Every structure is written in C-alpha cells, then in structure tokens.
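Topology and contacts: notes
Each chain, written out:
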Protein chains: 2
Amino acid sequence: MKRRHFLAGTAGAAAAAVAAPALAQTPSVRWRMVTSWPKSLDTIHGSALAMAERIGQITEGKFQIQVFAAGEIVPALGVFDATANSTVECSHTLSSYFFGRNPAIGFDGGMPFGLNTRQQQAWMVAGGGKELMRDVFAKFGLVNVPCGNVGVQMGGWFRKEINTLEDLKGLKFRIGGVGGTVLSKLGVVPQQIAAGDIYTALERGTIDAAEWIGPYDDEKLGFAKVARFYYTPGFWEGSAQITSFVNQAKWAELPPAFKAAFEAAASEQCVQMMANYDAKNPDALRRLVAAGAQLRAFPKPVLDACLRATVETLDDFAAKSPEFKTVYDSWKKFTDDSNLWFRIAENTLDQFRFAAPGWVKS
Amino acid sequence: MKRRHFLAGTAGAAAAAVAAPALAQTPSVRWRMVTSWPKSLDTIHGSALAMAERIGQITEGKFQIQVFAAGEIVPALGVFDATANSTVECSHTLSSYFFGRNPAIGFDGGMPFGLNTRQQQAWMVAGGGKELMRDVFAKFGLVNVPCGNVGVQMGGWFRKEINTLEDLKGLKFRIGGVGGTVLSKLGVVPQQIAAGDIYTALERGTIDAAEWIGPYDDEKLGFAKVARFYYTPGFWEGSAQITSFVNQAKWAELPPAFKAAFEAAASEQCVQMMANYDAKNPDALRRLVAAGAQLRAFPKPVLDACLRATVETLDDFAAKSPEFKTVYDSWKKFTDDSNLWFRIAENTLDQFRFAAPGWVKS
C-alpha cells in the first residue's frame, strides 16, 4: 500500500505504457473443461459455466477456462481419461461413473444410503475426506475438487410399479456407480448411460426404467413421456457430489493465486448448484404431476433389502482392498457420528417444521 | 492472450523494471473487518479469518482484509453501525442482532421455524432472497453478502427443566432477534448479550438460561458448568445465516475483480463454516454429556405454542410494514414450496437413514 502511493505517479504511467503490466506478475493461463452434461441442463452444465466465469472475473481474465459439453470434445463418460491423459486440463462430472476403476471412488460421488449434502461437505472439508480422496485420485494422475452437489435425487422413472423385491428382478435400469452394483444383487440389470442418451433408450424399450437427478432436469430430458411412475427416494447416493478433476501436472504448474481462485469458485458452486436445484425442483415437480406423472415411494421392505445389499457390497470391497477399507473406516465413523448429531438438532426441527401447516395457509 | 505473446519480451521486462506492475491494472485495497465474535471461536471467527485469507490469496495480496474480533475496534453489537458509518469497511455478524432497526432483517439471519440451511441458501441464491435483502439493507447504507451458516442450533442451557409453558414465564433467557420477541409473548424475558459476556451473566444469575449455537462453541464458552439442562432444538432460527456487511460506498468503489473475489470467498465460507460445525459438534456433544450435561427436548406443546406465537408475530409485522410484507410473501411461498419438495426426496431418505442401524455396528 505504501509502495502504491510512492509509485503511483511513475510506475502507474510506465505500466500503463506497456499495456499489459500484470502479465509479468502472473502469466495468463487458458484451460479447457469438459463436462459430462448436455448443454440443455442449465443446472449442472450451467454450474460449470458459472464456475469458469467466476474464475475469469476474479483473475481479471488472466485465468480463462472454456467449457465444453458432453460430446463436444469427448463423450460424457470420456472426461476422466481425457483429463488424466492431458487431452484437456480439467473436467466436471460425477466421479461415481468411474468407480469401476476403483470402488473407493464411490465415496467421492456418494454411496448408497450415505452422507447427505451437508454431511458430505463436512466430511470432505473438515472430516478428512478430501485428503483421503486426493490419495485415491492421485494414482490416476488427477486432482479432485468438489464443485457441486445435487442433493437426494428422485428414485427415477418406471413403466411398472415396484411393489415387492420380485418387481426388481430382471429390470433393465439406467443407474450408474455403486448403486448399480448393489441393485444387481437384487436382480436388477444396471445400465450406465449418459444423460443425453437416456430418453431414447427408455423410449425404445432398451431399458425399463431410468433415474437421472430430479424434477427440473428430468422434465427437460422428457422422461415423463415414456414412463409414468416417478419414485422416491434415490437412495443410491445419500447425495451426489459433483467433482472437477484437474490433470495433476497442470495443477502443479498453476500459480497459487489461480489454484485459490479455482478452489473458491468451485466451493461457491457447491452452494449455487444445490441452491438452483432446490429452488427449481418444486415447481417442476408440480408441472410433472399435473402432466400425469404418478408419484410413488419405494416400499420399506425394498429399501431394507437395498440397505442390506449395500452393506454387503461395501464390506466385500473392503475385504478385497486395503485402500477401500481405509476410506470406508473414516467414512463409516463420520457417518455414524454425524447421523447421531443430525438427529438431535437438525432433524428434530426439520421433522417438526415439515409436519406443521404451511405458512401460506396460516 | 495474443497480446501476451506479442509483448512477452518487451512488456515483461519493462513491467518487471517498475517493480509493481499490477498496480496500474487494479489498485491495492486494504480493508478492516470487524466481527461479533470472540477470538476463541475458531468456527465462526475463524471463518472470517479464512475468508480474508482466501481473498488475499486470490488477489495475490492486492486486496487485503484485516479481521478484528469483538471489542478490538467496536463491541460485538456495534459492527452494524461501524460499517454503516464507515468506521470500518466491512463486518461479519448475525444480522438478526439488528432486527430492531427493521424486523425484515430477520429474514436474512433466519426466522423462527424458518428455512433450514439449504433452503435459506436456495432462497438467497435462486429464490429472490438476495435481491429482497439487498433492498432492505440498502436503506442503512449496507451491502449484505451471505458468508456462512451454523445450521439448526441447540435450544440452549437451562438451570431448570422446561416441562410446560408455565416454566417459560418470567424466565430471563439470553436470546436475540425475532426469537426473543416470539418468546416474550409466552412470558420469557429475552436478553440480547454478546457471546463473550454470556457465561458471566449465567454464572451470576443475571439470566436463568442462555443459547448460543451448539456443542462445539458452547463447550468453549463453558455454559455446562453453570447450567445443567441442554435443550434441543433451537427453533428460533431454522438456520442462522451469517452475513458480511460492506459499507455501500466502499462496495461501489471496489474494482469488479475484488467484488467477485469477496463474493466467491464468502460463498466458500458458507460451505466451510457449516462443515466445521457439522464435523466438530458430534464429539463436543459427547464430551458435554460425559461431563454431566442433561440432554432434553422441548415438549411438543411448547413448540406448538412457540410456532403459533411466531406466526402471530410475523403477521403483526406484516400488518404494520409493507416492506416486511413484501419479503414475508416471497419467503412464505418459498418455504411452503421448499418444505413440500424436501419432504418428498431429501427428508424421506434422511428419515430412513437416521432410523437404520449405524454403519460401524453393521
């Protein structure tokens, strides 16, 4: 500050004369970010755009990230490899798509019956989760930065009602990640299909049912036109955290100020993406129901069986992989402690509030 | 970017020669931020420090904010006026402390039985709340930037059990904001006391009971030593949003990149402050209970009466103030829509998860 006043007359004029004086301090950086989303999803693809825009604003345009939708450079599910092999510098995706590479990845995107949005953020930020997940992704040459969450999702669109466990047998269901593995134990045939291709698969009968995220996105993707029963809850992720992967070498080269800008803008989207879904889903759900969607809840015996299958699946992974076990142990303890605490204050008030008459009607 | 390559040889050298080349582009700014918190609270005062640190990192030290705890420049509850009258450029507080200036301020800090953390963020970011609250604070010469949340709080520390509404009559209770007004309808004598002074007031018997935030902070402040019954839930705010106020004229002078840095760093703390509380509260609660704290839940008839008193209070404010009514109408509709949606997916899975046996025990 003192230097500023001292130099204002001379340095200011000299610097203005050379036209781009800040370049000497921090070089300009231009990156490409590939997402797993179609452009039509202003919630989740829009969040990647907002993150890139914010990084540009903060750095006065010195760190520019150009965002590409699924299919523009690589397919939706090709973003992990494209980032690891330096085709692009970074990506924006649900890491669970890639849990086949290492099941511990599931703890980043969200496990069935796992941590809700706030709990996931708490585990990542202040519960050791970020460090554990950085170790997991480092082996792929990637640095993971949480950049959003979509909350608890809907349970998806079904052509037939799910009344008993029998109804799951042989069901061709678009679902990715660990949830697919869990449901396969109960006879479901899971299919991993990118957002942009789900409608066609459902319409043609290649699949019997599909889940994506929730009312606002699902309405845009048109699922209600080809499947009538809309189930809740989407138990396959306690919340679905969205992750930005950065190529490890590119991250290492990034000046500290740009790393800070990237992380702050990503964190901001953890608030904004979730807020957009929370604000837009209620009206979309009303429109879907008005247009004929039939709301259904998975019967408790189905949920109970799915929880048992989840514990079996995660215990199996832990038995086979010490790396998985390390993350699982941290996550299990955090989950139990956090659930206990949430039941005492947060959930006690939520339950009272949700059971009370509405404010409009009061 | 093209210019960069063209000028790299000449401009780089010239800029380096003038020692502080970035100054010509964006001037350095140094601000002071006063908080309403004692330094001992690493959660909430620590969040102000983390926000300032991040702004410094992103801007390569060009935008520096020095943070002062309650009492260092102005008292805890003097931060609103100090920011409005330019004693300091910005502050970090719970806006509800100042709802006496205008009851509509309560919608910023959180209303009794109101929006939970995620719902509050959704209303602010994507439900019109930010714009409405900016209008309210503009009349005080302030710009409000949400910078954290503490979630649903505990119901506070009481020397005697609260079994019926009778037990509230004449109770001298440290509680601020709209919650105090609501409880006064039921005979409580509300006292607004800054964090650092609560313990002494409770120890000396100046007050009979006190609420602050939750286990981690409450343990540091020592309340368990002077009051035995620890109640849940803290219904006086569905969540307590923390706000950074910026002097309007100072905000207007701020370069766009620094505004963006300020807002992004504030948003990041919405995630990080909440995460810190969520991660630290469970162990603190265990320690408090092990040391003798007696957990109690407010009886449902007490909560029912408090909800009725809340609706009466807010309806009264709306009848007297068109400005309050404008915000109230937006907030009520948002609350009802959001509660309906949260009951369908988020809360359905939360309820199932919280009722299931723990992961450790499975």
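About the cut-offs
- Residues numbered from 1 in each chain as written.
- Chains lettered and ligands numbered in written order.
- Predicted model: local features only at pLDDT ≥ 70, side-chain atom pairs only at ≥ 80, totals over all residues.
- Heavy atoms only, no water.
- Pairing = 2+ DSSP bridges.
- Helix = DSSP H or I, 4+ residues; strand = E, 2+ residues; numbered from the N terminus.
- Buried < 20%, exposed > 50% of the residue type's maximum accessible area, 1.4 Å probe, protein only.
- Least-squares fit on C-alpha atoms with pLDDT ≥ 70 in both.
- Domains from an automatic or database assignment.
- Contact = heavy atoms within 4.5 Å.
- Buried area = accessible area lost by both parts, 1.4 Å probe.

Residues and elements named next belong to chain A. The six strands lie next to each other as E7-E6-E8-E5-E9-E11, forming an open sheet whose pairing is mixed. Both edges of this open sheet fall to strand E7 (189–191) and strand E11 (294–297), since each of them pairs with a single strand only. Relative to strand E8 (residues 209–210), strand E5 (residues 156–158) runs antiparallel, the two being bridged by two bridges. The partner of Phe158 across the bridge, within E8, is Ala209.

Taken across its eight residues, helix H7 (residues 177–184) of chain B has six buried, putting it largely inside the fold. Every buried residue belonging to H7 of chain B is among Gly177, Val178, Gly179, Gly180, Val182 and Leu183 of chain B, and all of these are buried.

Take the relation of the copies chain A and chain B next. Superposition record for chain A on chain B: RMSD 0.0 Å, screw rotation 180°, translation along axis 0.0 Å. Taken together, these values place the two copies in the relation of a two-fold axis.

Time to look at the environment of Pro301 of chain A. Residue and element names in this part refer to chain A. On the secondary structure map, Pro301 appears in helix H13 (residues 300–320). Residue classification places Pro301 among the exposed positions, given a relative accessible area of 54%. Residues Pro301 and Glu131 lie 170 residues apart in sequence; the distance between their C-alpha atoms is 36 Å.

Residue and element names in this part refer to chain A. Parsing chain A into structural domains produces domain 1 (27–151 + 239–279) and domain 2 (156–237 + 283–319). Taken over C-alpha atoms, the centre of domain 1 sits 25 Å from the centre of domain 2. If you look at the interface, domain 1 gives 24 residues, while domain 2 gives 25 residues. When domain 1 packs against domain 2, the two sides together hide about 2,000 Å² of surface, and 72% of this comes from carbon and sulfur.

All right, on to the sheet that holds strand E9 (residues 229–232) of chain B then. Residues and elements named next belong to chain B. Taken in spatial order, the six strands of this open sheet run E7-E6-E8-E5-E9-E11, and their pairing is mixed. At either end of the open sheet lies a strand with only one pairing partner, and these are strand E7 (189–191) and strand E11 (294–297). Here strand E5 (residues 156–158) runs beside E9; their pairing, made up of three bridges, is antiparallel. Note that in E9 the partner of Gly156 across the bridge is Tyr231.

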